[in-house]
Amino acid sequence: MPVDAKYTTSATASGGGRNGHTALADGTMAFDLVVPKELGGPGGDGANPEKLFALGYSACFLGAMRVASTQTKIPVPDGTTVSATIGIGPRSEGGFGITAALDVYLPGLPEEEAKKLVETTHGICPYSNAIKASVPVPTTTRS
């Protein structure tokens with residue numbers, strides 16, 4: 001399905017991929033990357049692709065929820081948060097894969113409205129759309 005991109009950005013990784021450095025072309029962000037101990041690396045301070053994905057997915061989903069709110073007429077309560085948990089590991093078919101889960105906190109919103117808002121958001125969020133064919137995203141909705 002074609003996408004009419006209204007915004008693009010670019011980053012370059014160097015030095016060893018997961019154990020190197022990555023920076024945005026516009027110079028606004030750069031990260032030293034460290035392989036987690038769980039994947040055989042030294043661990044410690046530094047980012048990794050899964051941390052960066054969790055940051056992006058949680059923010060993107062919350063932003064998409066505001067769009068879903070206008071479509072469903074269900075308000076996004078003050079204090080709403082979205083937490084994304086991203087994992088990585090070997091796939092049974094070979095290679096590596098990711099896991100994703102979302103925890104959406106919608107304080108005071110009735111349960112049925114919360115579930116409808118989150119379901120609608122999954123259809124809008126670019127991250128959800130990008131991975132929906134290959135990564136199940138269990139979602140906990142709390143009010």
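Residues numbered from 1 in each chain as written. Predicted model: local features only at pLDDT ≥ 70, side-chain atom pairs only at ≥ 80, totals over all residues. Heavy atoms only, no water.

Looking at an unreviewed UniProt entry, one finds the protein named Organic hydroperoxide resistance protein, with Rhodovarius crocodyli as its source organism. Per UniProt, the comment on the protein under Sequence similarities (unreviewed entry) is "Belongs to the OsmC/Ohr family." (UniProt positions renumbered as here; feature names shortened; annotations may be inferred.)

Attention shifts here to the overall build of the protein. For the protein, the helix and strand inventory stands at 3 helices and 6 strands. In the protein, the succession of α and β elements from N to C terminus is β-β-β-α-β-β-α-α-β. For the C-alpha atoms alone, the extent of the protein along its principal axes is close to 50 × 35 × 30 Å. Residues counted as buried form 31% of the 143 residues belonging to the protein. Here the contacts in the protein between residues at least 6 apart in sequence split such that 50% fall between residues at least 24 apart. By element, 57% of the accessible surface of the protein is carried by carbon and sulfur atoms, the whole surface being about 8,900 Å². Charge separation in the protein, taken as the distance between the mean sites of 11 positive and 13 negative side-chain charges, equals 3 Å. (Helix = DSSP H or I, 4+ residues; strand = E, 2+ residues; numbered from the N terminus. Buried < 20%, exposed > 50% of the residue type's maximum accessible area, 1.4 Å probe, protein only. Contact = heavy atoms within 4.5 Å. Areas by Shrake-Rupley, 256 points an atom, 1.4 Å probe, with all protein chains shown as cover. Lys, Arg positive; Asp, Glu negative; His and termini not counted. Charge placed at Lys NZ, Arg CZ, Asp CG, Glu CD.)

Another point: the sheet that holds strand S6 (residues 139-142). Read from one edge to the other, the open sheet built from 3 strands follows the order S4-S5-S6, with strand pairing classed as mixed. Edge positions in the sheet fall to strand S4 (81-90) and S6, since each of these pairs with one other strand and no more. Direction aside, neighbouring strands of the sheet carry axes that sit 15° apart on average. Pairing between S4 and strand S5 (residues 96-105): 10 bridges, direction antiparallel. If you follow Gly89 over to S5, its bridge partner there is Gly97. Relative to the sheet, helix H1 (residues 49-72) contacts S4 and S5, its axis offset from that of S4 by approximately 145°. Sitting on the sheet, helix H2 (residues 111-124) touches S5 and S6, and the angle it makes with S6 is about 145°. (Pairing = 2+ DSSP bridges. Axes fitted to C-alpha atoms, helices over the stretch in contact; angles between N-to-C directions.)

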